[in-house]
Amino acid sequence: MALGSGGSVVASGGGISGAKQYEGHITIYVLFASILASSTAVMAGYDAGITGGVAQMNNFLEKFFPAVYARKQLSVKIGSSHNIYCQYNSQALQAYSASISLAAAVSTLFASYFTRNYGRKTTLIYAGVLSIIGVILKAAAQNLGMLLVGRIIIGFGLGFMMQAAPIYVSEIAPFRWRGSLNFFFQVFLAFGNLIATLINYGNARTGNAIGWRISLGLAGIPAITLTLASLVICETPNSLLQRGYQEKAKKILQQIRGTQHVEVEFEDILIAAKKSTKHDHAKVDQLDTNTMISISSFSSFNAFQNVLKSKTSQPALIISCLLQFFNSFATGAFAIAFYVPILLSTFHFKSTTSLFWSAMFAVTMVLSTMVGSVLVDRLGRKQLLITCNFFMFICLIGLAILMSRGIRDGKNLSHSLAPPLLLFIFVFIASSALSWEPLAWLIPSEIFPLETRSAGLSISILVRLLFNFLTLETSLSMLCSFKWGLFLFFAAWVAIAQVFMFFFLPETKGVPIEEMEIVWRRHWFWKRFMPKLDIDCENSPKKQHLDLAPMATNINVQN
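Within each chain, residues carry numbers counting from 1 in the order of the written sequence. Since the coordinates come from a predicted model, pLDDT governs what is reported: local features require at least 70, and pairs of side-chain atoms require 80 or more to be given and counted, while whole-chain, interface and lining totals use all residues. In computing side-chain values, all of the structure's heavy atoms are included and hydrogens and water are not.

Examining the packing of helix 2 (residues 41–54) against helix 10 (residues 220–232)
How we decide: Axis lines are fitted to C-alpha atoms, over the contacting stretch for helices. Their N-to-C directions set the angle, which ranges from 0 to 180 degrees. In this text, helices come from DSSP runs of H or I with a minimum length of four residues, and strands from runs of E with a minimum of two, each type numbered from the N-terminal end. Roughly parallel means an angle under 35 degrees; roughly antiparallel means over 145; roughly perpendicular covers 65 to 115; every other angle is labelled oblique. Less than a right angle of anticlockwise turn of the near helix away from the far helix marks a crossing as left-handed, whereas a clockwise turn marks it as right-handed. Every residue pair with non-hydrogen atoms within 4.5 Å of one another is taken to be in contact. Residue classes follow a fixed rule: Ala, Val, Leu, Ile, Met, Phe, Trp, Tyr, Cys and Pro count as nonpolar, while Asp, Glu, Lys and Arg count as charged, and any other residue, Gly among them, counts as polar.
Running from N to C, helix 2 and helix 10 cross one another at 165°; their axes reach a closest spacing of 8 Å. Taken together, helix 2 and helix 10 sit at an angle that is classed as roughly antiparallel. Pair helix 2 / helix 10 crosses with left-handed handedness. Two secondary-structure elements touch here, helix 2 through Val42, Met43 and Tyr46 and helix 10 through Pro222, Ala223 and Leu226. Looking at side-chain class alone, the contact of helix 2 with helix 10 contains six nonpolar, no polar and no charged residues.

Spelled out as structure tokens, the structure:
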């Protein structure tokens, strides 16, 4: 470590040189709050895990999707003469699976207004209440309409949760631990998926006629957990300052950092909070340090206008949206993880066998995400993504080759090819869980400036959910049309993603969340998007910090 301009501490061994180093450490309170906030992701993971499994249960299909059920039974009877790739090809079934993503995409637009004006904590409470209502309707469904309404309401709740939880953890976490603590969100998401898959497996083993109702109804447990966890946690200092609660914000910052000496970090958050009101009404220099303009009267429409117009937010917006595109659609990770029970059933694994292997894949997701939480603040975001993306590419090519040789003219998959097929799926899911899945949450939550953070993350999540919707709406049809070529389609996009990450994704490891502007000003490409600093602030510590730090002798800029 060495002193940079303005007396700030410069990191020479990792992250971005010139980023400030705040006092404080990771406290039990921060760890507890991060775990509670991240545990809200269990609901999203449970829904993803339960849906794919329930969708291949015969009792469920017979009641809500009789055409799919009939086609599945026909496939069992006449075997090789039927196109096994197409037995689950149903617009109604795909619409059922995809409806939650579309509902969440709509609600995340409103969630931005709530997180900005009422806080991250309150938004999570709303998410829990909506999820409980949706679970009751879905578990008690008597027809497809009732089932869809329940699923849409759950989607509204998940949109609120996905908006608030990643921001919450990023804002309360010490910058050195931000990556690891944010991985809790994906760990709980994977854990919810695991629990759902085990429940599906148990119901399939017992052959219970209402097993699908049990699977859907037990979602009430994570929904209630989401609500209770949201009631216990504190609000973030960033959100409190943004809404004008200065004294309360400082007390909470001291509490979560475990020290009274938080002046440097508090001042940076205060500057960011003042700047967040600049686009709405007043200029920063018209606000004193004890008076903040309440932004509760400002519309979410203005917030979205700001994130689209703000030059300091444009690199973050582009990076976030491309990350979501690659993760949710282009790499195939979401499609394979969501539909893995159906994929295995398509390859004529028995129902209980496909659910067993789905459970094993879910265990792999949990363990891989936990390993990723250790590596992310050591290797960095970029290196982790590039390495895991390479293994995903190899696995997709391997799956395409195996399926092209093992399934021809509708014949079942050769038993000798089952072990390598399962191995490729295991490695693919592990690589995705180590990298794309958690980092597509972490990176967008940490790279936007405070004034556009809620709206920016909303747009990022909106893109994610729209591509989730597109994936769920088209994957089974694409499998029917492309057959094994679907995996080559995904492999091509994985290769494109590798090029994008190598040249355009900056490293954000070790950079305080309110100092992220340094990253963009030093990147070979994104620096051209950044506006010149105001001449009026020529002698300000902030300007010296941003402009002069690059001249330090121990600069270690990572593109």
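Quick word on the nonpolar core
Where we set the bar: The term nonpolar core refers to a set of buried residues drawn from Ala, Val, Leu, Ile, Met, Phe, Trp, Tyr and Cys, joined through side-chain atoms within 4.5 Å. Relative accessibility decides the category of a residue: with a 1.4 Å probe and only protein chains considered, values under 20% of the type maximum give buried, values over 50% give exposed, and everything between is partly exposed.
Phe60 and Met161 are the most contacted members of the largest nonpolar core, which has 81 residues in total. Setting aside residues up to four positions removed in sequence, methionine 161 forms contacts with Thr40, Ala41, Ala44, Leu124, Ala127, Pro166, Phe185 and Leu226. Membership of the second largest hydrophobic core comes to 71 residues, among which are Phe325, Leu399, Ile447 and Val519.

A word on empty space enclosed by the protein
As a reminder, the rule being used: With a 1 Å grid laid over protein atoms only, a set of points is called a cavity when a 1.4 Å probe fits there but cannot get out and a pocket when it is open yet has protein on both sides within 12 Å along at least five of seven lines; lining residues have an atom within 4 Å of a point. Grid points are joined across faces, edges and corners, and a volume is the space filled by probe spheres set on the points.
Counting across every chain of the model gives five cavities of 30 Å³ or more. Considering only enclosed or pocket space, the largest cavity measures out at about 410 Å³ in volume. Every residue lining the largest cavity is counted, 29 residues in all, and those nearest its centre are Ala44, Ala48, Leu189, Phe334 and Asn468. By residue class, the composition of the lining of the largest cavity is 18 nonpolar, seven polar and four charged.

A closer look at the environment of alanine 330
Examined against the element boundaries, alanine 330 turns out to sit in helix 15 (residues 314–330). On the accessibility criterion, alanine 330 (0% relative accessible area) is buried. Once the C-alpha coordinates of alanine 330 and tryptophan 493 are considered, the two residues, 163 residues apart in sequence, prove to be 5.4 Å apart.

Looking at the packing of aromatic side chains
Defined as follows: Note on ring pairs: Phe, Tyr and Trp rings are taken, using the six-membered ring of Trp, and paired if centres are within 6.5 Å. Classes follow the plane angle, with under 30 degrees stacked, over 60 edge-to-face and the rest tilted.
Enumeration according to the criterion identifies 36 aromatic pairs in this entry. Summarising the aromatic geometry, the rings of tyrosine 113 and phenylalanine 114 are spaced 5.9 Å apart at their centres and angled 90° between planes, so their arrangement reads as edge-to-face. Both rings, one in phenylalanine 325 and one in phenylalanine 326, keep their centres 5.3 Å apart while their planes meet at 55°; by these two values the pair is tilted. Note on accessibility: phenylalanine 325 and phenylalanine 326 belong to one class, buried. Here the aromatic cluster, defined as three or more aromatic residues joined through ring pairs, consists of Phe325, Phe326, Phe329, Trp436, Phe467, Phe482, Phe489, Phe490, Trp493 and Phe500.

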